[in-house]
Amino acid sequence: MEENHKNPKEIKKINFGPKKLKTFFIKHLDKIYAAKSHLIGHLPKIANEAHFSDLRYAILETMEDVEKQLARMEIIYNILDAERSDASYSGLSGLVDDAFADIMLHSSEPEFRDMSIAFYMQNIESMEASSFQVLQMAAVKLKNKQVKQLIKENYDEAKADRTLLLFITAKYITAKE
């Protein structure tokens, strides 16, 4: 049986034009920036709704991280000499809005309210980490070490927040009554 089934198009090196890549990068950075700006407005309210103190603490820590991530993204805009635009961010903002609505739906049941918070925060952090991870790969092609490092820091923070929330959720669910 022949092992060489590779299509010549599959082994070609992908060539991104630097201008188009920068446009792609900025467009997607705009989406994350807009979604994080939307999220930061909701996190204090979500933290206030958390019954489980560890969950409240994690949300407040996430809020601090989001503020740092937004500041790093502003530095990236400056480095790339790019203007931030109002991007369409309906995916992440919709998730934030759904989370807040679901949390309010369970306002009289602290256990389910906390589970809703944990569920949505986990989803939000997963989407953000994935988005930063793709931008981190694209940043390599931009050939700017500082942009690459700033995106890596944002990715690492989003990933750490996701892990913290997962740990706290497991602790909450398995806690003895």
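This report concerns the structure included in the present document. (Residues numbered from 1 in each chain as written. Predicted model: local features only at pLDDT ≥ 70, side-chain atom pairs only at ≥ 80, totals over all residues. Heavy atoms only, no water.)

**Re the environment of L29**
- Topologically, L29 is positioned in helix 1 (residues 18–49).
- Separated by 102 residues in sequence, L29 and S131 place their C-alpha atoms 8.7 Å apart.
- Setting aside anything within four residues of it in sequence, one finds L29 in contact with M73, I76, Y77, L135 and I151. (Helix = DSSP H or I, 4+ residues; strand = E, 2+ residues; numbered from the N terminus. Contact = heavy atoms within 4.5 Å.)

**Notes on unusual backbone geometry**
- One non-glycine residue, D81, lies in positive phi territory at about 50°.
- Checked against the element boundaries, D81 lands in the loop between helix 2 (53–79) and helix 3 (90–105).
- Although it is not a glycine, K143 sits at a positive phi angle of roughly 60°.
- With respect to the helices and strands, K143 occurs in the loop between helix 4 (110–142) and helix 5 (145–174).
- The class for K143 is exposed, based on a relative accessible area of 75%. (Buried < 20%, exposed > 50% of the residue type's maximum accessible area, 1.4 Å probe, protein only.)

**A look at a nonpolar patch on the surface**
- A contiguous nonpolar surface patch, about 280 Å² in accessible area, is contributed by F24, V134 and M137.
- Summarising the element assignment, V134 is placed in helix 4. (Patch = residues over 30% accessible without salt bridge, like charges linked within 9 Å, V, L, I, M, F, W, Y side chains within 5 Å. Areas by Shrake-Rupley, 256 points an atom, 1.4 Å probe, with all protein chains shown as cover. Salt bridge = Lys/Arg side-chain N within 4 Å of Asp/Glu carboxyl O.)

**Re the packing of aromatic side chains**
- Across all of its chains, the model carries three aromatic pairs by this definition.
- Their ring planes at 45° and their centres at 4.9 Å tell us that F52 and Y172 sit as a pair that is tilted. Within this pair, whereas F52 is found in the loop between helix 1 and helix 2, its partner Y172 is found in helix 5, the two being separated by 120 residues in sequence.
- Seen in terms of ring centroids, F119 and Y120 are 5.1 Å apart; in terms of plane orientation they differ by 90°. Their pairing is edge-to-face. (Phe/Tyr/Trp six-rings, centres within 6.5 Å; stacked < 30°, edge-to-face > 60°.)

**Some points on the packing of helix 2 against helix 4**
- Viewed as axis vectors pointing N to C, helix 2 and helix 4 meet at an angle of 25°, and their least axial separation amounts to 12 Å. As judged from the angle between their axes, helix 2 and helix 4 are roughly parallel. The way helix 2 lies across helix 4 gives a crossing that is left-handed. Along its contact with helix 2, which presents L55, I59, T62, Q69 and M73, the element helix 4 presents D114, I117, A118, M121, E125 and F132. (Axes fitted to C-alpha atoms, helices over the stretch in contact; angles between N-to-C directions. Parallel < 35°, antiparallel > 145°, perpendicular 65-115°, else oblique. Left-handed = near helix turned anticlockwise from the far one by under 90°.)

**Points about the pattern of salt bridges**
- Considering all chains together, one arrives at eight salt bridges under this definition.
- Between E153 and R72 there is a salt bridge whose closest N-O contact spans 2.9 Å. Taken together, the residues span a long stretch of sequence, with E153 in helix 5 and R72 in helix 2 at a distance of 81 residues.
- Salt-bridge contacts for D156 lead to K152; the nearest nitrogen and oxygen are separated by 2.7 Å. Residue D156 and its partner K152 are located together in helix 5, separated by four residues, close to a single helical turn.

By themselves these figures say nothing about function.
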